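For reference, the chains in residue letters:
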Amino acid sequence: MRLKGVAIAQSLFPSAARGLPVVAIDTLRAATTAAAALAAGALAVRPVAGVDEAFALRDRLPGAVLGGERGMRPVPGFDAGNSPREYGRRLVRGREVVLTTTNGTLALARARSAKSVAFAALTTAPLAAQWLLDQDAQEALIVMSGTDGQFSYEDALTAGAIAALVPDADLDDLLLTACAAFQARRRGLEGALRMTPHGVRLIEAGFEADIAIAARLGRGRVLPVRDGRDKTRLTPWRRS
Ligand code: MLT
């Protein structure tokens, strides 16, 4: 399988994803949080780009949980922020989650023409590699969300973890670099996340515990995925 990397969400032209499987990555924290919500029994995660759109969708989905962040903090009027610790069974079991975040949901929106999409983080990297193999495709894209239009080291670590787990993959230069970064830090992922600019901002904002959760390579039980039929929902995918 040929794997191509995309360094930031803004570099993904929707036409480039047409007909391909796409793995969109947001390690800190949206993809970690979406996987946590689905593992805790949420029926689906509905990613939306804007706050107004999120309120409007929640109004059309009675019982849905409204979550996400702006500037890493919960949005006033929302039920929850963007911390994976908030999405426990008590809040989400049997409910849909409408989620809007600054960068991660943008990558998903830009992958709208993809054949199928997985939303991955370090916690779900092995599942994402397996999901890619199951797509039975010649080519796929791995899109790193980045942060506010800038490349993010934490997303490169996840991209490298996934690419390293796809046997015999033909990797482009970006993914070869990501693999090298992952191999260099695979035994110190929490420390690596803590030193990134996003990690530093999360620690300053009081979300240090989320970094430890996001660094748990392969601990996620389900992978949020979107198929070609319903592009509005991420639902749980498990290894068969
Ligand atoms: C994002 O999508 O920008 C992030 O998930 C931000 C955050 O850490 O909450």
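For the structure, see preceding data.
Residues numbered from 1 in each chain as written. Predicted model: local features only at pLDDT ≥ 70, side-chain atom pairs only at ≥ 80, totals over all residues. Heavy atoms only, no water.

Student: Looking at this model, I keep getting lost on the site of the ligand. Mind explaining?
Tutor: Neighbouring the ligand are 13 residues; Asp26, Arg29, Asn82, Thr101 and Asn103 lie closest to it. For the ligand, an oxygen atom lies 3.5 Å from a polar atom in the backbone of Leu28. Within the side chain of His198, an N or O atom sits 2.8 Å from an oxygen atom of the ligand. Relative to its unbound accessible surface of 270 Å², the ligand loses 98% to contact with the protein. (Near = heavy atom within 4 Å. Polar contact = N/O pair within 3.5 Å; in protein donor to acceptor, adjacent residues only side chain to side chain. Areas by Shrake-Rupley, 256 points an atom, 1.4 Å probe, with all protein chains shown as cover.)

Student: What should I look at first to understand the packing of aromatic side chains in this one?
Tutor: Given two aromatic rings, their pairing is described by the distance between the two centres and the angle made by the two planes. Per the stated rule, a full pass over the model turns up one aromatic pair. Summarising the aromatic geometry, the rings of Phe55 and Phe78 are spaced 5.2 Å apart at their centres and angled 80 degrees between planes, so their arrangement reads as edge-to-face. Taken together, the positions of Phe55 in helix α2 (residues 51-60) and Phe78 in the loop between β5 (73-74) and α3 (89-92) put the pair 23 residues apart, joining distant regions of the chain. Residue classification places Phe78 among the buried positions, given a relative accessible area of 12%. Cation over ring: Arg29 sits above Phe207, and NZ or CZ is 4.4 Å from the ring centre. (Phe/Tyr/Trp six-rings, centres within 6.5 Å; stacked < 30°, edge-to-face > 60°. Helix = DSSP H or I, 4+ residues; strand = E, 2+ residues; numbered from the N terminus. Buried < 20%, exposed > 50% of the residue type's maximum accessible area, 1.4 Å probe, protein only. Lys NZ or Arg CZ within 6 Å of the ring centre and 35° of its normal.)

Purely geometric numbers; function is a separate question.
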